[in-house]
Amino acid sequence: MGAADRLEVLIQRCYAGLDADELRAEALTRLRGLLTIDAAFFATLDPATVLFTSVTVDEPLGTVTEQFLANEFGQADVNKFAMLAAAPDAVSSLGVATKGDWASSARYVDVMRPLGLGDELRAVLRSGGRAWGALCLHRENAEAGFSPHEIQLVRRLAPHLAEGLRRGLRVGAVDQADVGPGVVVLDAELQVESISAEAEHWMRELDPERHAELPVPVRAVAAQLMRTSAAPVLKVRTKSGRWLAIHASVLRGPEGDGGWRTAVVLEAVLPTQLGSLMLDLYGLTPAQQRVTELVLQGLSTRQIVERLCLSPHTVQEHVRAAYDKVGVGSRRELVTALLRGSP
């Protein structure tokens, strides 16, 4: 089987109904049959915040998770995933971005070169204008980096991987969690100062192997808060299939304490609390989402027509499109699928 055929097989596997973990594992295995990869980082993203929600990482990259995240969220550098997510072209190599001057990248000097790694090829995986994943492929330190042909191969594959990740994250039926919200308090260096038993439980669900002291989604939310003073709410699916909301806030100590801390809260959410993420997971367009949100609120076609100033025909078209994408045949089934998490 030639390279073109192997690529087509990989593209087809993106639509085979694999969950996100299965797709990432198989995609990396098949990619290694198409180009040389000495280490890889493959993450899912929350499309609302473009923060990491889960990661698959090869060694030796797992040994520098903290340094990698510090660079991603705290240093100026080329090919940041947030930058690529907003760029017209979401795929680039270190060699292209630095015009061959790898040493101008702090990530290369401080993180990659000490591991014996050289060029890296990064891609943000977008489908329907939304970012669902981030891929970073590494080569051992050598003069030859990723070729234009290899970059184009990943560029062609990226939207299919994104679509596979989106489909793999769709919600099945989820019962109410029997574990309440958890809180972890971090110091100014994002080191754990105190943690509740509930937070320990949720962090084990996020990262059973505990590649770092903090699971990547928790650190990402805390680092984003430090960088922008914004307080994003990250929606994450755990290994058990539950959804968590992760959010952070700054804690001020007593006057004269001289320091500040970050409190990160992790709490289970049901499909009814996922909001537009549920509609994104099924690939509804913005127009279809606006109509579907009103359907879920119980509004009739006439009420939706009046609320959105659309024709009855347009509303019915959007409702039928939602039925098709969710795989249902009636309003009742649509509400059941989207609000109760039953496909």
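Whatever comes next refers back to the structure up there.
Every value quoted in this text rests on a predicted model; they were computed, and no experiment measured them.

(A) Fine view of the environment of Ser 127. Residue position: Ser 127 is located in strand 4 (residues 117–127). Ser 127 sits in the buried class, given a relative accessible area of 14%. Separated by 37 residues in sequence, Ser 127 and Gly 164 place their C-alpha atoms 9.3 Å apart. Not counting chain neighbours up to four residues away, the residues in contact with Ser 127 comprise Trp 132, Pro 159, Ala 162, Glu 163 and Arg 166. A distance of 2.6 Å separates the side chain of Ser 127 from the side chain of Glu 163, its partner in a polar contact.

(B) Structural context of the nonpolar core. Among the nonpolar cores identified, the biggest contains 57 residues, and Leu 31, Leu 135 and Leu 137 are the most heavily contacted of them. When residues of this core are assigned to their parent elements, the largest contribution, 8 residues, is made by helix 7 (residues 148–168). With residues near it in sequence (within four places) discarded, Leu 31 still touches Leu 10, Ile 37, Leu 135, Leu 137, Leu 153 and Leu 157. In this structure, Phe 41, Leu 45, Trp 102 and Trp 202 belong to the second largest nonpolar core, which totals 50 residues.

(C) Broad picture of the sheet that holds strand 5 (residues 130–140). Here we have 5 strands laid out as an open sheet, ordered 2-1-5-4-3, and antiparallel in their pairing. Edge positions in the open sheet fall to strand 2 (51–57) and strand 3 (91–93), since each of these has one partner strand only. Going from strand to strand, the sheet's axes swing by 15° on average, the running direction of each strand aside. Pairing of strand 3 with strand 4, which is carried by 3 bridges, proceeds in the antiparallel orientation.

(D) Spotlight on the packing of helix 12 (residues 301–308) against helix 13 (residues 312–326). Axis separation between helix 12 and helix 13 bottoms out at 9 Å; the angle between their running directions is 110°. With respect to helix 13, the element helix 12 is oriented roughly perpendicular. For the crossing formed where helix 12 meets helix 13, the hand is right-handed. For the pair helix 12 and helix 13, the contacting residues are Thr 301, Ile 304 and Val 305 in the first and Pro 312, Val 315 and Gln 316 in the second.

(E) A look at the packing of aromatic side chains. According to the stated counting rule, one finds 7 aromatic pairs in the structure shown. Considering the side-chain rings of Phe 41 and Phe 81, the 6.2 Å spacing of their centres and the 20° angle between planes classify their relative orientation as stacked. Within this pair, whereas Phe 41 is found in strand 1 (residues 39–46), its partner Phe 81 is found in helix 4 (residues 81–86), the two being separated by 40 residues in sequence. The pair Phe 41 / Phe 81 is uniform in exposure class, with both members buried. An angle of 25° between the planes, with centres 6.4 Å apart, marks the rings of Phe 52 and Phe 68 as stacked. Taken together, the positions of Phe 52 in strand 2 and Phe 68 in helix 3 (residues 65–74) put the pair 16 residues apart, joining distant regions of the chain. Residue Phe 52 is classed as buried on the basis of its relative accessible area of 2%. Pairwise contacts between aromatic rings join Phe 41, Phe 52, Phe 68, Phe 73 and Phe 81 into one cluster. Directly above the ring of Phe 81 sits Arg 122, whose terminal nitrogen or CZ lies 4.1 Å from the centroid. Over the ring of Phe 146 we find Arg 139, and its NZ or CZ is 4.1 Å from the ring centre.

Procedures and definitions
Residues numbered from 1 in each chain as written. Predicted model: local features only at pLDDT ≥ 70, side-chain atom pairs only at ≥ 80, totals over all residues. Heavy atoms only, no water. Helix = DSSP H or I, 4+ residues; strand = E, 2+ residues; numbered from the N terminus. Buried < 20%, exposed > 50% of the residue type's maximum accessible area, 1.4 Å probe, protein only. Contact = heavy atoms within 4.5 Å. Polar contact = N/O pair within 3.5 Å; in protein donor to acceptor, adjacent residues only side chain to side chain. Core = buried A, V, L, I, M, F, W, Y, C linked by side-chain atoms within 4.5 Å. Pairing = 2+ DSSP bridges. Axes fitted to C-alpha atoms, helices over the stretch in contact; angles between N-to-C directions. Parallel < 35°, antiparallel > 145°, perpendicular 65-115°, else oblique. Left-handed = near helix turned anticlockwise from the far one by under 90°. Phe/Tyr/Trp six-rings, centres within 6.5 Å; stacked < 30°, edge-to-face > 60°. Lys NZ or Arg CZ within 6 Å of the ring centre and 35° of its normal.

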